[in-house]
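Fold and geometry: a report
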Amino acid sequence: MTAVAHGSTAVEAGTEAPTTAPKRRFSPGDIGTLAVIALIIFWCLAPFYWMAVLAFRDTAFTFDTTPWFNHLTLENFRYAFNTTDNKFGRSLFNSLLIGAVVTALAMTIGVFAGYAMARLSFRGKGLILAAILGASMFPGVAILTPLFQLFAGWGWLGTYPALILPQISFSLPLAVYTLTSFFSDMPWELEQAARVDGATPGQAFRLVIFPLAAPALFTTAILVFLASWNEFLLSSVLSNGNYKVEPSTVALAKFTAGPHVVPYTQTMAAGIVVTVPLVIVVLLFQRRIVSGLTAGGVKG
Amino acid sequence: MTLAEPAAGSTAKASLPEKPGPKRNKIKTGEGRLAFMLVAPTIALLGLIVGYPIIKAIFNSFLSDSRKIDPSTGQFQEPGAWTGLTNYKHWLLQQCPSGAGKTISCPTGTLGSQFWSSISVTVGFTVVTVLLETIIGMVFALMMNRAFKGRALVRAAILIPWAIPTAVTAKLWIVIFDPQGILNKLLGTHFAWTSSQWPARSAIVIADVWKTTPFIALLILAGLQGISADIYESAKVDGANAWQRFVKITLPLVKPALAVAVIFRTLDVLRMYDLPAILTGGANGTTTISILVVKQLNSGIYSASALSTITFVFIFAIALGMVRLFNANIVGTPGKGGK
């Protein structure tokens, strides 16, 4: 456990301190390492690169396996967003809306629980922590079946609430957990100082801790938003085929380019549209995200 | 499914407040009351959105989907009559109704007959992908730990498969796996990857390994970076070779990080839905339990409830077993700590 914590700090701080002293300038072993590193980068990026190549390629050359960009066109993107077949713009808006509401809800409620978990000692804390962990681990289908029936009865299938509320089941535990780990690492001496100066616990939280916690909140919000943006199982069933509310993952899964057409290049264009904003966000905040993923250290 | 992944690492840390140790500057007065007020909204909401549906599903699983004739009144019953363990017998014992209240074993091709195969497919996917991801992830992490120049670049590259939504990943691999696609060109083969059993299964495993190995590597790397270089130096002085250093030092010290990654990946693959649902549609022996539940939704909600309850209990049991195992390994005292 502590190994994870320490490691993340190193990753987060980006210290990259050599674990073995580099005595020799270059050795066959280094070349081997470099080769594997190159392989890793290729393995991670090649499929993504291929998606980009096809997204900009003329449909007539779908099966052209030239490994670089050729037969360039923007037609695929135009097709993805055209309003008669795919209405992809609408689904992007839905993903944004659902993600924003889910993130706001989970963060607003989760921040209090995270604070209590990290800072206060009270009876039943272990049990509550286990319950929240349990809620984040159970299979989505376990709540899908009753929710499907319930929402069908209320006429909620294919509405925004039916897509937003169930996502609380995984986003709230995620928020509470990440925040708990972030909060455990904060300089709480400052809070005590404020308390000594006569602030109530509430004031100490609002005036001292909250400004310090802002980066942690931001990182957690990104992780929750990404989880919501990726969600497929609940949305695909509960949107009930209503394109007006379905998120982009569901829209992409049933992407068409007309009858008897294999819509590869158009689908890849849509995939690029869904992915590129995420990739930019992830690369911009990569250190924070890695720290949030591995342990949540905010030090450094 | 990536949603549990971010939680994976953070749980490691989240257990810290529970650990015995010096609790400096804790607030002492009125904590219980404040804590209750702070935690109550989370518990209430989770109770409503997770707890209630699960209890409802358990209740529903004992109800009947079929419109049977009530023998005492001679009238048709509406679906929803109490039927005891029939739904469970249907799935677990493969009993399908055959008219006149009798049951036969479920005919091939029905959803009922796919239960045990979907269980073994799911377990098979879990074992193979988690094993592959752990081994390859370990290699990635060891290499990243050794390379100092390209580490920032590798970390950026590694986050890209993680950031791509699973639905996009599935579509992307459909294109790559097309009989006329790039993979067959590169390999010089003519596989119809997604249209027969083992290639279809391999396709799903490959796509899943691509997407999540980087994540596991990142977790292991975090563990590796916590190991002091001095230990390796003294082991070298004592004459330990590279393999001995890996087995005797690296593995035991990285085990906590590894255990968290393995548990969360296992639970994630056990409930895998989107990748096979989009990549193969569950065809050719790739129907996971989650896919079976969704298929059953439209042909009998009460039976689907029984199936989702079975799934829930199945995954819960594995989770409990793994957490126990993991606790015992880490704390050394089984049944205590780690939560």
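Residues numbered from 1 in each chain as written. Chains lettered and ligands numbered in written order. Predicted model: local features only at pLDDT ≥ 70, side-chain atom pairs only at ≥ 80, totals over all residues.

A word on the overall build of chain A. Helix and strand counts for chain A come out as 14 helices and 0 strands. Element order for chain A, N to C, with α for helix and β for strand: α-α-α-α-α-α-α-α-α-α-α-α-α-α. Counting all 300 residues of chain A, 52% fall into the buried class. Excluding contacts between residues fewer than 6 apart, the proportion of contacts in chain A whose partners are at least 24 apart in sequence is 77%. (Helix = DSSP H or I, 4+ residues; strand = E, 2+ residues; numbered from the N terminus. Buried ≥ 20, exposed ≤ 12 C-beta atoms within 10 Å, placed from the backbone. Contact = placed C-beta atoms within 7 Å.)

Right, let's talk about the overall build of chain B for a bit. Helices and strands together make up the secondary structure of chain B, namely 13 helices and 2 strands. Here chain B holds 339 residues, and the buried ones make up 47% of them. In chain B, the share of contacts with a sequence separation of at least 24, taken over all contacts with a separation of at least 6, comes to 66%.

For the rest of this paragraph, the subject is the domain arrangement of chain A. All names here are of chain A. Its domain assignment divides chain A into domain 1 (28-73) and domain 2 (83-294). Centre-to-centre separation of domain 1 and domain 2, based on C-alpha positions: 31 Å. With 7 residues of domain 1 at the contact, the number on the domain 2 side is 7 residues. In terms of residue class, the side of domain 1 that touches domain 2 is made up of 4 nonpolar, 2 polar and 1 charged. (Domains from an automatic or database assignment. Nonpolar A, V, L, I, M, F, W, Y, C, P; charged D, E, K, R; others polar.)

Bringing the interface of chain A and chain B into the picture now. Tallying the contact residues gives 110 residues for chain A and 103 residues for chain B. It is helix H2 (residues 28-55) of chain A that provides the largest number of residues to the side of chain A that touches chain B, a total of 13 residues. Of the residues contributing to the side of chain A that touches chain B, the split by class is 75 nonpolar, 30 polar and 5 charged.

Quick look at the environment of Glu133 of chain B now. Residues and elements named next belong to chain B. Positionally, Glu133 belongs in helix H4 (residues 115-146). We classify Glu133 as buried; it has 26 C-beta atoms within 10 Å. When the C-alpha positions of Glu133 and Thr212 are compared, they lie 7.1 Å apart, and in sequence the two are 79 residues distant.

Residue and element names in this part refer to chain A. For chain A, mean pLDDT is 80; residues scoring 70 or higher make up 85% of the total. Per-element mean pLDDT across chain A ranges from 40 in helix H1 (residues 2-13) up to 93 in helix H7 (residues 160-164). Here residues 1-18 scores under 50 on pLDDT; set against residues more than four positions off or in separate chains, the count is 59 contacts. The low-confidence segment residues 296-300 (pLDDT under 50) makes 23 contacts with residues lying over four places distant or belonging to another chain. (pLDDT = per-residue confidence, 0-100.)

As a further point, take the environment of Leu179 of chain A. Tracing the backbone through its elements, the reader meets Leu179 of chain A in helix H8 (residues 168-184). The contacts of Leu179 of chain A, once residues within four sequence positions are left out, are Gly110, Val111, Gly114, Ala216 and Thr220 of chain A.

Right, let's talk about unusual backbone geometry for a bit. Residue and element names in this part refer to chain A. For His71, which is not a glycine, the phi torsion comes out positive at approximately 45 degrees. Take His71: it is sitting in the loop between H2 and helix H3 (75-81). Look at His71 and you get partly exposed, because 15 C-beta atoms sit within 10 Å. Of note, the phi angle at Asn240 is positive, near 55 degrees, even though the residue is not glycine. A count of 17 C-beta atoms within 10 Å places Asn240 in the partly exposed class.

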